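Take a look at the letters that make up each chain.
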Amino acid sequence: MRLILYSKPGCHLCEGLQEKLEQLENLNCELEIRDITTREDWFLAYQYEIPVLCLCNHTGAEETEGGVIEERLPRPSPRASVQQLAQMLGKYLSI
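Cut-off values and rules
Residues numbered from 1 in each chain as written. Predicted model: local features only at pLDDT ≥ 70, side-chain atom pairs only at ≥ 80, totals over all residues. Heavy atoms only, no water. Disulfide = S-S within 2.5 Å. Buried < 20%, exposed > 50% of the residue type's maximum accessible area, 1.4 Å probe, protein only. Core = buried A, V, L, I, M, F, W, Y, C linked by side-chain atoms within 4.5 Å. Helix = DSSP H or I, 4+ residues; strand = E, 2+ residues; numbered from the N terminus. Contact = heavy atoms within 4.5 Å. Expected span 1.5 Å × (residues − 1). Arc of directions from axis to C-beta. Salt bridge = Lys/Arg side-chain N within 4 Å of Asp/Glu carboxyl O.

## Side note on the state of the cysteines
- Using the criterion set out here, one finds one disulfide in the structure.
- One disulfide in the model links C11 with C14; its S-S distance is 2.5 Å. Looking down the S-S bond of the C11 and C14 bridge, the torsion is 70 degrees, so its handedness is right-handed.
- C11 gets classed as buried once you look at its relative accessible area, which sits at 11%.
- According to the relative accessible area criterion, C14 is buried, its value standing at 0%.
- With no disulfide of its own, C54 lies closest to C56 among cysteine sulfurs, the gap being 8.4 Å.
- Classification of C54 by relative accessible area gives buried; the value is 2%.

## Points about the nonpolar core
- Among the nonpolar cores identified, the biggest contains 14 residues, and L3, L21, L53, L85, L89 and L93 are the most heavily contacted of them.
- Sorting the residues of this core by element identifies β1 (2-7), α1 (12-23), β3 (52-56) and α3 (82-90) as the ones contributing at least two each.
- At three residues, the largest contribution of residues to this core is made by α3.
- Once you skip the residues sitting within four places of it in the chain, L93 turns out to touch M1, L3, L27, C29 and L55.
- Ranked by size, the runner-up nonpolar core spans 11 residues in total, among them I4, C14, V52 and C56.

## Here's the deal with α1
- For α1, with 12 residues, the first-to-last C-alpha span of 17 Å sits near the 16 Å given by 1.5 Å per residue.
- Residues C14, L17, K20 and L21 constitute the buried set of α1. Viewed end-on, α1 has its buried residues packed into an arc of 130 degrees, placing them on one side of the element. Exposed residues on α1 whose side chains face more than 90 degrees from its buried face are H12 and E22.
- Considering only its buried residues, α1 is in contact with β1, β2 (30-35), β3 and α3.

## A few points about the pattern of salt bridges
- According to the stated counting rule, one finds five salt bridges in the structure shown.
- Here E32 makes a salt bridge to R2, at a shortest N to O gap of 2.7 Å. Taken together, the residues span a long stretch of sequence, with E32 in strand β2 and R2 in strand β1 at a distance of 30 residues.
- When the shortest N-O distance is used, the salt bridge between E49 and R72 registers 2.2 Å. In this pair, E49 is assigned in the loop between α2 (40-46) and β3 and R72 in strand β5 (residues 69-72), connecting sequence segments 23 residues apart.
- Within the structure, one salt-bridge network assembled from shared partners comprises R2, E32, R34 and E70.

Any functional reading would require information beyond the geometric quantities listed.
This is the structure we're talking about:
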């Protein structure tokens, strides 16, 4: 499995979430950062909603083009600690 963070340069909320995700020690999946400014479809879909966190190749997720399956996860509060983020992700991953 893989976590995908849709982000863009200069987004402080995105940078904060990325830092917290990188601090999770028991993250049992790959973290992929996608810059929405590099693809028009990502930009149109997420320009007003970043940071967007998705779980990829997970049962019950929505299939996207190319057969990749993504499930959009609830956005954590920017004030959430690393521990609170781990608890939230624990509902979707085995960490």
